[in-house]
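Listed below, chain by chain, are the residues.
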Amino acid sequence: MIDLEPFRRVRYVTPRRKELQGLRYLPMSALMLLIALVGSHPSPAVAHGPLGPSTQAGQTFGIVVDGVLLFVLPLLMDRWYDRVYGPAPALDPLDPLYLREAGILTFLLAGSFTIQNIVHLPAPIFLLSIALVLWVVWPPEGTIRRQYRRLCVPIALVAALGIAPIEPLYGVLRAGPDFAGSTASFLALSLIGFVGGVLDHRLLITTLHRRPKEHHEATI
Amino acid sequence: MKQPFEDLAGLDRLVHEPARLAILTALSACQSADFLYLQSLTGISKGNLSNHLAKLEEGGLIALEKTYERKTPRTRVHLTEVGREAITEHWERLEALHAEAERLRSAGSLVPEGA
């Protein structure tokens with residue numbers, strides 16, 4: 001019997017090639033991670049840290065570089081994919097099932113972040129709840145869509161490191177008056193962006209990486 | 001009574017060949033696709049891809065559109081209405097067969113040879 005898996009990938013990847021160029025989002029998630037880390041250390045520990053007063057200039061420089069990359073990298077990625085795999089296919093209207101999934105996920109994540117900013121759960125608990133929401137909401141069926149459930153793993157792992165507590169992450173994840181709810185939200189979002197970006201890129205490459213075979217039998 | 005895999009014999013061979021199935025599957029998920037994109041999806045040479053596309057065009061399942069982009073020739077491929085119906089029906093049959101195989105496996109009716 002024919003192996004359906006490559007065809008499932010083709011079906012999934014074809015209309016979503018632009019969206020699946022995951023590495024384009026890494027500068028954005030790196031920038032968010034930086035903001036989350038800076039936001040969780042408003043105390044003098046950073047302002048007068050080991051790097052001294054130059055730390056802030058370094059952070060500003062990092063944000064500027066990240067901002068530039070944010071615009072440049074998507075262009076470079078587009079050009080690379082077009083050169084290697086040809087121009088992206090012209091799309092039909094998006095799959096309603098995909099839109100429904102994306103809508104539910106966005107609604108639940110936005111809801112979680114809003115609740116966090118009101119209730120101020122300890123960061124590890126909030127991150128665990130985000131991981132749980134992703135695990136429960138994301139459809140478990142299908143070999144392709146199921147891969148995004150892996151997003152739960154790094155989030156849960158960071159939460160577990162915070163609960164342990166293991167330095168230096170514990171310092172980032174600590175609950176208390178200095179720890180704004182939005183920092184945990186940023187942290188979760190940046191992790192989703194980073195890991196999701198890598199998973200997207202991997203899916204696209206594993207579907208499109210095959211090299212032409214000169215002696216393929218075109219029978220039947 | 002109809003046998004579980006009787007439908008296999010009725011599968012359209014023009015559609016079912018793996019490279020052509022990949023081409024038609026990709027085209028069914030978009031309005032049109034570039035030759036190079038289809039080549040990367042199927043992993044076959046330009047010559048073989050051209051042969052497959054010619055067969056599909058001959059069968060009335062696809063249409064080819066040749067254009068120039070900055071002096072570079074580009075070939076865009078899209079499904080015809082007949083092609084879209086054919087690939088949709090083909091996947092429905094494959095998925096029905098797959099579901100039937102799963103059902104028989106869970107019922108224990110499918111026992112591998114030598115078991």
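What counts, and at which threshold
- Residues numbered from 1 in each chain as written.
- Chains lettered and ligands numbered in written order.
- Predicted model: local features only at pLDDT ≥ 70, side-chain atom pairs only at ≥ 80, totals over all residues.
- Heavy atoms only, no water.
- Helix = DSSP H or I, 4+ residues; strand = E, 2+ residues; numbered from the N terminus.
- Buried < 20%, exposed > 50% of the residue type's maximum accessible area, 1.4 Å probe, protein only.
- Contact = heavy atoms within 4.5 Å.
- Areas by Shrake-Rupley, 256 points an atom, 1.4 Å probe, with all protein chains shown as cover.
- Phe/Tyr/Trp six-rings, centres within 6.5 Å; stacked < 30°, edge-to-face > 60°.
- Lys NZ or Arg CZ within 6 Å of the ring centre and 35° of its normal.
- Salt bridge = Lys/Arg side-chain N within 4 Å of Asp/Glu carboxyl O.
- pLDDT = per-residue confidence, 0-100.
- Core = buried A, V, L, I, M, F, W, Y, C linked by side-chain atoms within 4.5 Å.
- Pairing = 2+ DSSP bridges.
- Axes fitted to C-alpha atoms, helices over the stretch in contact; angles between N-to-C directions.
- Parallel < 35°, antiparallel > 145°, perpendicular 65-115°, else oblique.
- Nonpolar A, V, L, I, M, F, W, Y, C, P; charged D, E, K, R; others polar.
- Patch = residues over 30% accessible without salt bridge, like charges linked within 9 Å, V, L, I, M, F, W, Y side chains within 5 Å.

A. Local environment of the overall build of chain A. Scanning chain A from terminus to terminus reveals 9 helices and 1 strand. Relative to its 220 residues, chain A shows a buried fraction of 39%. In chain A, of all internal contacts separated by at least 6 residues, the share reaching a separation of at least 24 is 81%. Surface accessibility of chain A: about 12,000 Å² in total, with carbon and sulfur atoms responsible for 72%.

B. The overall build of chain B, seen in detail. In terms of regular secondary structure, chain B is built from 5 helices and 3 strands. The order of helices and strands in chain B, counted from the N terminus, is α-α-β-α-α-β-β-α. The buried share of chain B, reckoned over its 115 residues, is 41%. Pairs at least 24 residues apart make up 56% of the contacts formed inside chain B by residues separated by at least 6 positions.

C. The arrangement of the packing of aromatic side chains in detail. The full count for this structure, using the stated rule, is 4 aromatic pairs over all chains. Relative to Tyr85(A), the ring of Tyr81(A) has its centre 6.0 Å away and its plane inclined at 35 degrees; by these criteria the two rings are tilted. Note that Tyr81(A) and Tyr85(A) are positioned in helix H4 (residues 54–85) at a spacing of 4 residues, about one turn of the helix. Taken individually, Tyr81(A) and Tyr85(A) each receive the classification buried, so the pair is uniform in this respect. Three or more aromatic residues link up through ring pairs in this structure, and these residues are Trp80(A), Tyr81(A) and Tyr85(A). Looking at Arg11(A), its charged tip hangs above the ring of Trp91(B), at a distance of 4.1 Å from the centre.

D. The arrangement of the pattern of salt bridges in detail. Scanning all chains against the criterion turns up 5 salt bridges over all chains. For the salt bridge of Glu95(B) with Arg11(A), the shortest nitrogen-to-oxygen distance reads 2.7 Å. Placement of the pair is Glu95(B) in helix H5 (residues 81–107) and Arg11(A) in helix H1 (residues 5–13), with the two residues belonging to separate chains. Glu100(B) is the partner of Arg103(B) in a salt bridge, and the nearest nitrogen-oxygen pair spans 3.1 Å. Of this pair, Arg103(B) and Glu100(B) both sit in helix H5, separated by 3 residues, roughly a single helical turn. The class for Arg103(B) is partly exposed, based on a relative accessible area of 47%.

E. Main features of the confidence of the model for chain B. All names here are of chain B. Mean pLDDT over chain B stands at 83; residues scoring 70 or higher make up 85%. For chain B, per-element mean pLDDT is lowest for H5, which scores 85, and highest for helix H4 (residues 46–58), which scores 94. Our summary of model confidence lists the complex with pTM equal to 0.68 and ipTM equal to 0.77.

F. Structural detail: the nonpolar core. Ile130(A) and Leu38(B) are the most contacted members of the largest nonpolar core, which has 58 residues in total. Among the elements that line this core, the one with the most residues is helix H9 (residues 181–208) of chain A, at 8 residues. Ignoring any residue separated from it by four or fewer positions in sequence, one finds Leu38(B) in contact with Ile23(B), Ala26(B), Leu27(B), Ala33(B), Leu49(B), Leu53(B) and Val77(B).

G. Structural context of the pairing of strand E2 (residues 62–69) of chain B. Residues and elements named next belong to chain B. One ladder, built from 8 bridges, connects E2 with strand E3 (residues 72–79); its direction is antiparallel. Pairing of Glu65 across the sheet is with Arg76, part of E3. Hairpin connection of E2 to E3: 2 residues between the antiparallel strands, including Arg70 at a positive phi of 50 degrees.

H. Focus on the packing of helix H3 (residues 35–42) of chain B against H4(B). Residue and element names in this part refer to chain B. Contact geometry of H3 with H4 gives a least axis separation of 10 Å together with a crossing angle of 105 degrees. One finds that H3 runs roughly perpendicular with respect to H4. Packed against H3, whose contacting residues are Phe35, Leu38, Gln39 and Thr42, the element H4 presents Lys46, Leu49, Ser50 and Leu53 at the interface. Classifying every residue of the contact of H3 with H4 gives 4 nonpolar, 3 polar and 1 charged.

I. Geometry of a nonpolar patch on the surface. Residue and element names in this part refer to chain A. Where nonpolar side chains cluster on the molecular surface, the patch consists of Ile115, Ile118, Val119, Leu121, Ile125, Leu128 and Ile163 and spans about 620 Å² of accessible area. Mapped onto the nonpolar patch, the elements with two or more residues apiece are helix H5 (96–119) and helix H6 (123–137). Sorting elements by how many residues they give to the nonpolar patch places H5 first, with 3 residues. Considering the arrangement of structural elements, one finds Ile118 in helix H5. The exposure class of Ile118 is exposed, given its relative accessible area of 63%.

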